[in-house]
Every structure is written in structure tokens, then in C-alpha cells.
Amino acid sequence: MLRSDQIMATVEMIQKENLDVRTVTMGINLLDCRRDTVKDTCNRVEEKIAKKADRFVETCNKISKKYGVPVVNKRISVTPASFVGAGFKRDDFVALAKSLDLAAERAGVDILGGFSAQVEKGITDTDREFIASIPQALEETERLCASINVGSSQKGINMDAVAMMGKTIKELAERTADNGGFGAAKFVVFCNQPGDNPFMAGAIHGVEEAEVVLNVGVSGPGVIARSLEKTIKKRGRENLKLDDIAEEIKQITFRVTRCGELIGRQVAQELGVEFGVIDLSLAPTPKVGDSVGEILQILGVDEVGAPGSTAILALLNDAVKKGGIFASKAVGGLSGAFIPVMEDAVLADAVGKGALTLEKLEAMTCVCSVGLDMIPIPGNVDAATISAIIADEMALGMINQKTTAARLIPVPGKTVGEMVSFGGLFGASPIMEVRNVNMSGRFIAWGGRIPAPIHSFKN
Amino acid sequence: MKKQLVISVMSKDRPGIVADITGTILDLDGDLADLNQSVLGGYFSMILIAEFDEKVTPEDVIARFSHIKSETKIEANIKEMAVPLETLKNKLPKETFVVTGQGENRKGLVKIMGDFFNQRNINILDLVTTRDHKLYTMIFQVDLSNVDSVETMRNDLAMLGEQEELDLVLQHNDIFRATHEIGTPFDQDIRE
């Protein structure tokens, strides 16, 4: 048997530090679902998801009970809908969205991702119809999430698409105004979107993936925070340096990742499907004690957003990767700490106190995953300004060869400092200030492309 | 014809005790197979299996042990193995779980757990307990092959824990291997 102190350390991690597996996401290829008519295609999509995900939730629950480790979220991602519905018109995509939503409900999952398109270089006629369908599709469905990839380090940024994104987000928010613009919370714009990310709202089953794949997201920031608190108390703050802290994060991430890999592979084996990747992202939830912001506070800034926040985040993100990569056979997805404002109570609090600004968040996204995430902004911010914020964030991803994303929610009828709450995992936050509004219209009006950066020419 | 003896030895711990015991076995032309030793509270305990010529008797081994000089006498127990070692399976059962229990020290805590497992026909594969001031910690490695529902077992343990003021946790053995061993493969049966 193992040493008793090791056993008790693991028991403590599971029981007191709330170790879990944050998400198991089943990716399903839908490219073979295309039929002569929209209706037949939709039927086939529903049938295929029902068949492949038949025992998915039940099996996750069974393995979770056996190991005594909760699998918090069970989700499905599918092939980007713009490929599945090539040639569809706007209304056809709305019909496909409803089928995907129904399929998710029948499979017992709370979210299905993949109502998506990839337009980083050019926009096809289908892509235009698809993008036009997004506001209505998300308004009329419950479980569906949408995403668009508008840029990549290889191809540059499609600024025509970026301009469309601002308008799409505005329309989405306005269509769901009764619910604080919640529709925009289900829509993400990406640069370098990965095809194996298990986290929502940006999960897709990339066209490069196998027929059915299971991707797993590891436990949240709470385990790391509790472990750091314990170490600091036990060894004494005066006896620790930052490299000791980094080492502790590495060690705990190793154990957390191993648990995720064990459970994910057991589920995959039981279902007879391929295991894809472990995503090392630390995804906070609005629950107290499950916050990335809290880790920043533990490591020495009194408020998130204070000078030093970016440096701490860089240390955290890097240590998580170092611990996790050795622990898993296959790491992928986003694999970095998330800083979604509404979903992280400490970040939302810092926004309320004026400590955390949009500009500081943007800087922080240079050293972590995934971008300007779940940020409520005043409802009257114009579409061009939203597009310009997205363009800035995409540029960070393109130049730094990393994934970046923007999930901005212009809350209709509300302004800076007012609270908005979506409940559950989507959380709550005061509305953030957007400075220099209405000053980027001429830039967005150019359209065209920001060419691929020089370091993409490696051939 | 060879025979296998299972030998258990206890004495006060000191440097050289392993050399003395294994030296005695070598003197009798014995061939060591599996061996396990531990030290608790300054006392050394060892259980081992060794192969000897047919003519070597347990009494011969005990007689040789009595020549070993030590602060306390070497106490040994020797039995002839009923089943040869090769036929025994060392692999852990598939349903190997770990039950940890912690609570304020009092008499009878291990007995409470022993009864709980016994009532359910659960075999204890390994057991370590420690007393640290007032805190008593028990770690049982158990075989749940005869248990129909792990969930029921977990609920029963929770009830027992409440009743006896013990913090009882049931986890699969694989979790501990995964979190503390490097190189454990996950896409095959990790017990192999």
C-alpha cells in the first residue's frame, strides 16, 4: 500500500478541497448527417447524437460514483454547424439549431457547443447565412452555444467578420433583453480556436477529430487555492519564495490532472470511444472558493487588477501547464487559467470596486487562456466599438500564437456599475466601463483582412 | 523435493538484524522468495517465504535464530506453506478500495471497523493505523468484490461515521495510484 500520509493528502484533496472533474465533453462528428433536405438532415443529426450519446451521462455518473469524484458537467460538442449545413439558408440554420438543442435535451446535457463557423480567412455564402442565423438561433434555443473563429496566427484576422461580430452581439443582446442580454453569453468569438476544447461556450468537435472523442476538463481553481493556503500556513509565509509556490502549484496540478485522466479514460473505455485530451484550464465558477482571482489574492495582490496581477497569473498559468503536461498522455484544448468576469466572484468584486478594468483584463489575457470572457458592458456601447475590442483581443492571439476569445455582453438598458446576474454557472457582475466609446468606427469600417503575421511564414 | 516455509520474526530493531536473519537462512541453504518488513515503535517485524531442502525443519530454523545476539530474543513463528507461492496471485482484486477513518482516539476503533467489514464479508488486504496525540487515523485497503453496491457501502460508512464520530471516506485504490505514482498507464487495467 502507499504511504499513509500520501493517502490522507489525496483524501483531503477530494473531500475538503472539493476535487472534481470539471467537465467531460463528448465530441461527435456530424459531417455524415447531410441529407437532401433540411428536415432530413436535422432528423439525422438528432438520431446520430441520440445514438452516440445514449449512455454518456449515465456512464459519467456511474464512474463518478465508483471513484467518489464528481463529474460536474457533462456536455456535447459537434462539428461546426456551418460545415454540416453547407448550402443552408438562414432559416435552415435556425431549424438545425433547434434540432441540436432538442438532441442535447434528450441526451440529458445542459450545453451543446458547435453552432459554429470558421471564417479566419474568408466568408463563404453559407457562412454569411449561418452568421445571420445566430441571434434568432440562440434566442429560440436553451442549450445551444455558438462560436466563430475570425482569426489565426496562420491566416491573420478577417476584419469583415470582426465587423459582423459586433453587430451580431448587439442583436443577440437586444433579442434577449428581458434576460439581461443573456444570448450574448452563449456566443464566443475566437482567434486560433482549438477543435478539442471541452469547455463551453467555445467547444466544437473540429473537422480534424475522430468520429467520437471524449475530452476532459480538469478540476477548478478551488483545489489549487485551498492547497496554497494550507502550504503557506504549514510552512510559514516567511519561509516561502515564489518558486516554492510555483512548485506547489505544479505538484497539486499533477495530482488533479491524474484524477481527470483516470476518470476520463474509464468513461471512454466503458463507452468504447476514443479518449481525446485533458484540458488543463482552471475554470472558475461563481461559487465562493472556486476563483482564479482568489489565487491572485493569496499570492499577494489585495485586489485583482492591482499591479502584479499579470505576473502572478503568468506564474500560475505556467505552473499549471508544467504539472499537468507530465501527468497526462495527451494535453490539449485551451489549457490555461480562465478569467471570466461574471463566472468568478472575486473578479466580479474587483470590477465593482473599480480595481479591475477592461484594459488590465486585456493585458492579463496575454499570459493566460482564454480572453475577454463573460464581460458585461453597457448596453449602449456601439457595435463598432465592440468589434474593435474583439479585434484587439484577436491581435493578441494572432501575434502570440495562442488562443484568445471575446465573450462580451452589452446589457440592454443598463450602464456602468449596475449589476447583472444570469444565475447558475453564468454568474453575476457589475457592468464594466468601456472607455473611448465611439472612437473606433473608422477602423472597423475598413473591412478586409489584417494580414498573417510575419512569423507565420515558416515553410 | 523442496519445501516452502513462511517465517515471521519479531525483535527489537537494531542495525544488522536483516543481515543476521537472512544470513541464517542462507546457512541452511534456503532460497528467499517474497519478504516484507516493517518497524513499529522501535520493534522490528518481518514475514518472509523461503525455499529449503526437504530435510530442513521449522525447529532447525528456530534453533539457528536463537544464536543471533540481540537486545531482545528473536521470536519466530514458522509454518510450512500449504500452497506453493507461484500459484498465489499477488495481483490486487479489481474492486480494491481504500477506507480511511479519522477520529478522536478511544478504545475499540479498529474493532468497530473490523466488525463493519466482517458483517459485509469484506476482506481487509492491508491496514495501517497511527495515533498522533488525540487523533487516531486508520487506513484499510479492502476488497469489495463481495459488495453489490459501492454507493450503499458509502452510505453505510457515512452512517457509521456519524454514529461513531469518525470521519470515514471510501475511495477506489486506483485514485491513490493515479495521484501518487508516476508511469501508471490508464488505458489498460492499472492493477496489472
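Owing to the predicted nature of the structure, the values given are computational and were not obtained by experimental measurement. (Residues numbered from 1 in each chain as written. Chains lettered and ligands numbered in written order. Predicted model: local features only at pLDDT ≥ 70, side-chain atom pairs only at ≥ 80, totals over all residues. Heavy atoms only, no water.)

Undergrad: Looking at this structure, I do not really get the overall build of chain A. What am I missing?
TA: Assigned secondary structure in chain A consists of 15 helices and 13 strands. A compact globule built from 459 residues should have a C-alpha radius of gyration of about 23 Å, and chain A, at 21 Å, falls within 12% of that. Along the three orthogonal principal directions, the C-alpha set of chain A runs to about 65 × 50 × 50 Å. For chain A, the proportion of its 459 residues judged to be buried stands at 62%. (Helix = DSSP H or I, 4+ residues; strand = E, 2+ residues; numbered from the N terminus. Rg over C-alpha atoms; globule rule 2.2 N^0.38 Å. Buried < 20%, exposed > 50% of the residue type's maximum accessible area, 1.4 Å probe, protein only.)

Undergrad: Looking at this structure, how should I read a nonpolar patch on the surface?
TA: Residues Leu 31, Phe 83 and Val 207 of chain A make up a contiguous nonpolar surface patch of about 240 Å² in total accessible area. For Phe 83 of chain A, a relative accessible area of 34% puts it in the partly exposed group. (Patch = residues over 30% accessible without salt bridge, like charges linked within 9 Å, V, L, I, M, F, W, Y side chains within 5 Å. Areas by Shrake-Rupley, 256 points an atom, 1.4 Å probe, with all protein chains shown as cover. Salt bridge = Lys/Arg side-chain N within 4 Å of Asp/Glu carboxyl O.)

Undergrad: Help me understand the pairing of strand E7 (residues 135-143) of chain B, please; the structure alone is not making it clear to me.
TA: Consecutive side chains along a regular strand alternate between the two faces of the sheet. Residues and elements named next belong to chain B. Counting buried positions along E7 yields eight of nine residues, so the element is predominantly enclosed. Judged from the nine bridges that link them, strand E5 (residues 96-104) and E7 form a sheet pairing that is antiparallel. Counterpart to Phe 97 in the pairing with E7 is Val 142. Hairpin connection from strand E6 (residues 123-132) to E7: two residues lie between these consecutive antiparallel strands, with His 133 at a positive phi of about 55°. (Pairing = 2+ DSSP bridges.)

Undergrad: What am I meant to see in helix H8 (residues 221-235) of chain A here?
TA: For an α-helix, the turn length of 3.6 residues means that residues three or four places apart are oriented alike. Residues and elements named next belong to chain A. When the terminal C-alpha atoms of H8 are compared, their 21 Å separation across 15 residues agrees well with the 21 Å that a helix rising 1.5 Å per residue should span. Every buried residue belonging to H8 is among Pro 221, Gly 222, Val 223, Ile 224, Ala 225, Ser 227, Leu 228, Thr 231 and Ile 232, and all of these are buried. Immediately downstream of H8, the backbone of Gly 236 shows phi near 85°, a positive value. (Expected span 1.5 Å × (residues − 1).)

Undergrad: What should I look at first to understand the sheet that holds strand E3 (residues 43-53) of chain B in this one?
TA: Hydrogen bonding along the main chain pairs the strands of a sheet, whether they run parallel or antiparallel. Residues and elements named next belong to chain B. Spatial ordering of the open sheet is given by E2-E3-E1-E4, a layout of four strands whose pairing is antiparallel. Every interior strand has two partners, whereas the edge strands, strand E2 (31-40) and strand E4 (75-80), have only one. Neighbour to neighbour, the strand axes of the sheet diverge by 15° on average, direction disregarded. As paired strands, E2 and E3 are joined by eight bridges and run antiparallel to one another. The partner of Asp 31 across the bridge, within E3, is Glu 51. In the packing of helix H1 (residues 17-27) onto the sheet, contacts are made with strand E1 (2-12), E2 and E3, and the angle to E3 comes to roughly 20°. (Axes fitted to C-alpha atoms, helices over the stretch in contact; angles between N-to-C directions. Contact = heavy atoms within 4.5 Å.)

Undergrad: What exactly am I supposed to notice about the packing of aromatic side chains here?
TA: Aromatic ring pairs are described here by two measures, namely the spacing of the ring centres and the angle between the planes. All names here are of chain A. This structure, assessed with the given rule, holds nine aromatic pairs over all chains. Seen from their ring centres, Phe 182 and Phe 426 are 4.9 Å apart, and the 90° between their planes marks the pair as edge-to-face. Taken together, the positions of Phe 182 in the loop between helix H7 (159-175) and strand E6 (187-191) and Phe 426 in the loop between strand E11 (419-421) and strand E12 (428-430) put the pair 244 residues apart, joining distant regions of the chain. By the burial criterion, Phe 182 is buried, and Phe 426 matches it. Residues Phe 199 and Phe 338 carry aromatic rings whose centres are separated by 5.1 Å and whose planes lie at 80° to one another, so their mutual orientation is edge-to-face. With Phe 199 in the loop between E6 and strand E7 (212-217) and Phe 338 in the loop between helix H11 (309-327) and helix H12 (345-352), the pair connects residues that are 139 residues apart, well separated along the chain. We classify Phe 199 as buried; its relative accessible area is 7%. A residue is classified by how much of its surface remains accessible, and Phe 338, at 6% relative accessible area, is buried. Each member of the aromatic cluster is reached from another via a ring pair, and the members are Phe 88, Phe 93, Phe 115 and Phe 130. (Phe/Tyr/Trp six-rings, centres within 6.5 Å; stacked < 30°, edge-to-face > 60°.)

Undergrad: I keep staring at the side chain of Glu 46 of chain A and nothing clicks. Help me out?
TA: Residue and element names in this part refer to chain A. Among the structural elements, Glu 46 can be located in helix H2 (residues 38-52). According to the relative accessible area criterion, Glu 46 is buried, its value standing at 16%. Filtering out sequence-adjacent residues up to four positions away, Glu 46 remains in contact with Ser 99, Leu 102, Ala 103 and Arg 106.

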